[in-house]
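Each chain, letter by letter, is given below.
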Amino acid sequence: MRPKLEHPIKIAPSILTADLAYLAKIIRETEAGGVEYIHLDVMDGRFVPNITFGPLLVSTIRRLTDLPLDVHLMIEEPDRYLADFAEAGADIITVHVETTPHLHRTIQRTIELGCKAGVALNPATPVESIREISPFVDMVLVMTVNPGFGGQKFIETSTSKIGRMRALLDEFNPTCDLEVDGGIGDHNIGDVIQRGANVIVAGSAIYNDDASIAENLARLRAGYAKRAERSRNR
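Residues numbered from 1 in each chain as written. Predicted model: local features only at pLDDT ≥ 70, side-chain atom pairs only at ≥ 80, totals over all residues. Heavy atoms only, no water.

Student: If you had to explain the overall build of the chain to someone new, which residues and values would you point to?
Tutor: Looking only at helices and strands, the chain has seven helices and eight strands in total. By the compact-globule yardstick of 17 Å for 234 residues, the chain fits well, its C-alpha radius of gyration being 17 Å. Seen through its principal axes, the chain has C-alpha atoms that stretch 50 × 45 × 30 Å. Of the contacts formed within the chain by residues at least 6 apart in sequence, a portion of 65% connects residues at least 24 apart. Of the roughly 11000 Å² that the chain leaves accessible, carbon and sulfur atoms contribute 51%. For the chain, the centre of its 25 positive side-chain charges and the centre of its 32 negative side-chain charges are spaced 5 Å apart. (Helix = DSSP H or I, 4+ residues; strand = E, 2+ residues; numbered from the N terminus. Rg over C-alpha atoms; globule rule 2.2 N^0.38 Å. Contact = heavy atoms within 4.5 Å. Areas by Shrake-Rupley, 256 points an atom, 1.4 Å probe, with all protein chains shown as cover. Lys, Arg positive; Asp, Glu negative; His and termini not counted. Charge placed at Lys NZ, Arg CZ, Asp CG, Glu CD.)

Put into structure tokens, the structure is as follows:
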């Protein structure tokens, strides 16, 4: 049996719930918090019931930080925009399996553009839907809420789905990152990491009026450390 790989834990704050009137300040404070990525949720009002932003904002954020930009395309016909987002400065481009009939071609094109390639699944989409593409991607994103809006509640059945996805990736692409997005906070970050996720997207848990960005990031990391400590003591 192939030995199980250890995947470094990475935090990818989603600026969807941040106050974009203070974008430069938010990016500086987020970067100072020691995060690994900036997560950008692109929505078109067709695939999901919301509209956010496009390549122009990605380009603006690229000028504000050297952190890798993790661009999540929740849009129909993503192939039309891959080059635009790559040119804007995306480092990782993730498309949805539900929107892309020729997924292998889309992934191939993303890599040709010099970006890492990811594939995302909605909560009702089965793990098996990405079996054939899994050897070719750098990251798989399991949505733990229905995409479209920030601040939603984590779908509890997603925890077991994360474990099943990690098992599939361990079989076909063990170096692949497993990202989760939706309803993640200090109360459940340890559980999703324990199941095999290693890239954690969080929005409202980081950008809120309860505490500073640095304090909220510390809470997230403490939530994972607490869960790891309990596991070691069993």
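That shown, we press on.
Student: Explain the nonpolar core to me, using residue names and the numbers behind them.
Tutor: With 59 residues, the main nonpolar core has Ile15 and Val140 as its most contacted residues. Those residues in contact with Val140 that lie beyond four places of it in its chain are Val119, Leu121, Ile130, Met165, Leu169, Cys176, Asp177, Leu178 and Glu179. Ala12, Tyr37, Met139 and Val199 belong to the second-largest nonpolar core, a separate cluster that totals six residues. (Core = buried A, V, L, I, M, F, W, Y, C linked by side-chain atoms within 4.5 Å. Buried < 20%, exposed > 50% of the residue type's maximum accessible area, 1.4 Å probe, protein only.)

Student: Got a sec to walk through helix α5 (residues 158-172)? Specific residues and values, please.
Tutor: The terminal C-alpha atoms of α5 lie 21 Å apart, and with 15 residues this matches the ideal 21 Å at 1.5 Å per residue to within 8%. Among the residues of α5, Ser158, Thr159, Lys161, Ile162, Met165, Arg166, Leu168, Leu169 and Asp170 are the ones counted as buried. Buried residues along α5 sit in contact with β5 (116-121), β6 (139-143), β7 (177-181) and α6 (189-194). (Expected span 1.5 Å × (residues − 1).)

Student: Tell me what's going on with the pairing of strand β8 (residues 199-202), and back it up with residues and numbers.
Tutor: Of the two faces of β8, the one carrying Val199 and Val201 and the one carrying Ile200 and Ala202 are both buried. For strand β1 (residues 10-13) and β8, the ladder comprises four bridges, and the chain directions are parallel. Residue Ile11 lies in a different strand from β8, and its bridge partner there is Ile200. For β7 and β8, the ladder comprises three bridges, and the chain directions are parallel. From the neighbouring strand, Val180 faces β8, where its bridge partner is Ile200. You can see the chain leave β7, run along α6 and come back into β8, and the turn it takes is right-handed. (Pairing = 2+ DSSP bridges. Right-handed = clockwise from strand over helix to strand, strands pointing away.)

Student: Quick rundown of unusual backbone geometry? Include the residues and the values.
Tutor: The phi angle of most residues is negative, glycine excepted, and most peptide bonds adopt the trans form. At Glu77, a residue that is not glycine, the phi angle is positive and equals roughly 50 degrees. Within the secondary structure, Glu77 is located in the loop between β3 (69-74) and α3 (82-88).

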